[in-house]
Amino acid sequence: MAVAARNVMKEIPKVDRMLCWPEIAALLDKHPRPEVLSAVRCVLELVREEIRHNPDASLESGRIISLIVAELASRSRASLRAVVNGTGVVVHTNLGRSPLADEAERALQTISTGYSNLEFDLSTGERGTRYDHVEGLICELTGAEAALVVNNNAAAVILALSSLAQGGEVIVSRGELVEIGGSFRIPDVMRQSGAILVEVGTTNRTHIRDFQAAITDATALLLKVHTSNFAIVGFTAEASLAEMAALGQEAGRPVMLDAGSGCLIDLTPYGITGEPTISRYLDAGADVVTFSGDKLLGGPQAGLIAGKRSFIDPMKRHPLLRALRMDKLCLAALEATLRLYRDERRALLAIPTLRMLTMTAEQLSRRADVIIRRLRRTLPDTASLLKHPGESSAGGGAFPLLQLPTSLIEFKMAGHSPQKIEAALRRAATPVIGRIHRDRFLLDARTVMDRDLSVLAQSMAEACACLAKEQP
Ligand SMILES: *Cc1c(COP(=O)(O)O)cnc(C)c1O
């Protein structure tokens, strides 16, 4: 066995010789020499490893060449790539959250490829501030007196806490000491902002009198946090924002809400209940509300702060702001997205996140039919596509319990497990991400976008070819 293995090893072609093979020489015309050399070495190492496990593994030159071609192709691909989201989770944090509206894309294009009046006041010819481009819009859409934008909502919370409560006590319900993921936990953020956390109430029940009893001379702020990604059900009670606002007013202390997702349109007519709009929160008496730009709002990564001028103005002068400031590309996309909200009907159609969330079951069923018809044109007979009713979720730490009726497309290939299919689609040139449920590989019609249709067909054909090669 050991002898045989050594003999096969000797049959592995040498790098110098391989560089003279016409197929490899042709690669040298297209790629830098060190890149080709490195790919050849990498594939040879792979082949050696293979032979160590299986001395009968193929050393056929055609196979080695195609491995090298594939290796080079994968090296020249960007790391951050477009994927098809077939998960049905609309605001999918791992898949880039909200896809932007065309209007936002155009703004990005214009602002990114040239100069702009980012911090230049065109009316006076003097220095301006970047925040002015969206403050008026945010106030108009939320009814706030003043507004500010930063990098993301985590930054908004840190800036607001640092500005409102550094060195003071912040009272929060025990039921709202949330972890959002990626190490954003309210107690840690509080410490980082130099505020002292005062927990009140219990995990399932907190009353306004708990807040009342906790107010001392050291109290700087009353904080409410949206329990975005979980729900406490059963025997529960919480102090409402309105009750907290009344108490804050009485005690002369500001009340802040970390609203998490942040919704600017009432989505109840579309069956999406339980997420008040930012203007409702401000009406209830919140002094400062922070929320994300790329969750339900459907824009770029951003953190929006809306509220009373007397609390927002000091944030504009806070030394942290420079470190948390939003870049011009996100700002351009955010302004374009917010402008769409001036016409609610337009926003619901033009902002992909809102469009996908508000699709009806009938629309989704028809959409699944369209996708299936389009895919059948390209796929081999061994592949089959079936439509099933199912459910999708909003994602993005919004509506943790909400399940929206949808249509799912099951993709089957004779003799291949759903796990094999999932892996093959994930490795396609444009990866397709779906889910496996009850031993079926499924794509949700809700999050497969129109622009995805032809790449989806291509990736599926690629996956079929790939699976056919490794016959079961
Ligand atoms: C998502 C979320 C955050 C963090 O927002 P990012 O924009 O991702 O930084 C903070 N708080 C709550 C309640 C959230 O849901």
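Residues numbered from 1 in each chain as written. Predicted model: local features only at pLDDT ≥ 70, side-chain atom pairs only at ≥ 80, totals over all residues. Heavy atoms only, no water.

### Description of the overall build of the chain
The helix and strand inventory of the chain stands at 20 helices and 17 strands. For the chain, the spread of C-alpha atoms along the principal axes amounts to about 85 × 50 × 50 Å. In the chain, which comprises 472 residues, the proportion classed as buried is 47%. Pairs at least 24 residues apart make up 73% of the contacts formed inside the chain by residues separated by at least 6 positions. Counting only carbon and sulfur atoms, one obtains 51% of the accessible surface of the chain, whose full area is about 23200 Å². The chain carries 55 positive and 54 negative side-chain charges, and their two centres are separated by 6 Å. (Helix = DSSP H or I, 4+ residues; strand = E, 2+ residues; numbered from the N terminus. Buried < 20%, exposed > 50% of the residue type's maximum accessible area, 1.4 Å probe, protein only. Contact = heavy atoms within 4.5 Å. Areas by Shrake-Rupley, 256 points an atom, 1.4 Å probe, with all protein chains shown as cover. Lys, Arg positive; Asp, Glu negative; His and termini not counted. Charge placed at Lys NZ, Arg CZ, Asp CG, Glu CD.)

### Things to note about the sheet that holds strand β13 (residues 383-392)
Pairing in this open sheet of four strands is antiparallel, and the strands run β13-β14-β17-β16 from one edge to the other. A single partner strand is all that each edge strand has here, and the edge strands are β13 and β16 (435-437). Between one strand axis and the next, the sheet turns through 40 degrees on average, direction left out of account. When strand β14 (residues 404-413) meets strand β17 (residues 440-444), the two strands line up antiparallel, connected through three bridges. Residue Leu408 lies in a different strand from β17, and its bridge partner there is Asp444. Each of β13 and β14 touches helix α18 (residues 361-376); the most contacted strand, β14, lies at about 20 degrees to it. (Pairing = 2+ DSSP bridges. Axes fitted to C-alpha atoms, helices over the stretch in contact; angles between N-to-C directions.)

### Remarks on the packing of aromatic side chains
Tallied over the entire structure, the rule returns zero aromatic pairs. Seen from the ring of Phe235, Arg205 lies directly overhead, with NZ or CZ sitting 3.8 Å from the centre. (Phe/Tyr/Trp six-rings, centres within 6.5 Å; stacked < 30°, edge-to-face > 60°. Lys NZ or Arg CZ within 6 Å of the ring centre and 35° of its normal.)

### Points about the pairing of strand β11 (residues 288-292)
Taking burial as the measure, the five residues of β11 include five buried ones, the bulk of the element. Judged from the four bridges that link them, strand β10 (residues 255-260) and β11 form a sheet pairing that is parallel. Within β11, the position partnered with Met256 by the bridge is Val288. A crossover connection joins β10 to the parallel β11 through helix α12 (residues 278-283); in handedness this β-α-β unit is right-handed. Across five bridges, β11 lies against strand β12 (residues 303-307) in antiparallel orientation. Residue Phe291 lies in a different strand from β12, and its bridge partner there is Leu304. (Right-handed = clockwise from strand over helix to strand, strands pointing away.)

### Observations regarding the packing of helix α3 (residues 22-30) against helix α4 (residues 33-53)
Contact pair α3 / α4: the axes reach a minimum separation of 8 Å and the direction vectors enclose 140 degrees. Looking at the two axes, α3 sits oblique to α4. As α3 runs across α4, the sense of the crossing is right-handed. Between α3 and α4, the residues in contact are Ile24, Leu27 and Leu28 and Arg33, Val36 and Val40, respectively. Taken together, the residues of the contact of α3 with α4 break down into five nonpolar, no polar and one charged. (Parallel < 35°, antiparallel > 145°, perpendicular 65-115°, else oblique. Left-handed = near helix turned anticlockwise from the far one by under 90°. Nonpolar A, V, L, I, M, F, W, Y, C, P; charged D, E, K, R; others polar.)

### Concerning the site of the ligand
All residues adjacent to the ligand are Arg97, Asn152, Asn153, Ala154, Ile180, Phe184, His226, Ser228, Asp258, Gly260, Ser292 and Lys295. One of the backbone N or O atoms of Asn153 is found 2.9 Å from an oxygen atom in the ligand. When the free accessible area of the ligand is taken as 380 Å², the share hidden by the protein chains comes to 94%. Of all the elements in the fold, those that place two or more residues in the shell around the ligand are α8 (153-165) and β10. Partitioning the shell around the ligand into residue classes produces three nonpolar, six polar and three charged. (Near = heavy atom within 4 Å. Polar contact = N/O pair within 3.5 Å; in protein donor to acceptor, adjacent residues only side chain to side chain.)

### Quick look at helix α7 (residues 132-142)
Every buried residue of α7 is accounted for by Val134, Glu135, Leu137, Ile138, Cys139, Leu141 and Thr142. Phi for Gly143, located one or two positions after α7, is positive at around 80 degrees.

### Remarks on the domain arrangement of the chain
Along its sequence, the chain is organised into domain 1 (2-76), domain 2 (84-93 + 356-469) and domain 3 (102-350). The distance between the C-alpha centroids of domain 1 and domain 2 comes to 35 Å. (Domains from an automatic or database assignment.)

### Remarks on the sheet that holds β11
The strand order across the open sheet built from seven strands is β4-β12-β11-β10-β9-β5-β8, with neighbouring strands paired in mixed fashion. Each edge of the sheet is formed by a strand with only one pairing partner; in this case those strands are β4 (146-150) and β8 (196-200). Shown here is a sheet whose adjacent strand axes are inclined to one another by a mean of 20 degrees, direction ignored. Here helix α11 (residues 241-251) sits on the sheet in contact with β9 (219-225) and β10, set at roughly 170 degrees to β9. Helix α13 (residues 309-316) contacts β4, β11 and β12 of the sheet and is inclined by roughly 35 degrees relative to β4.

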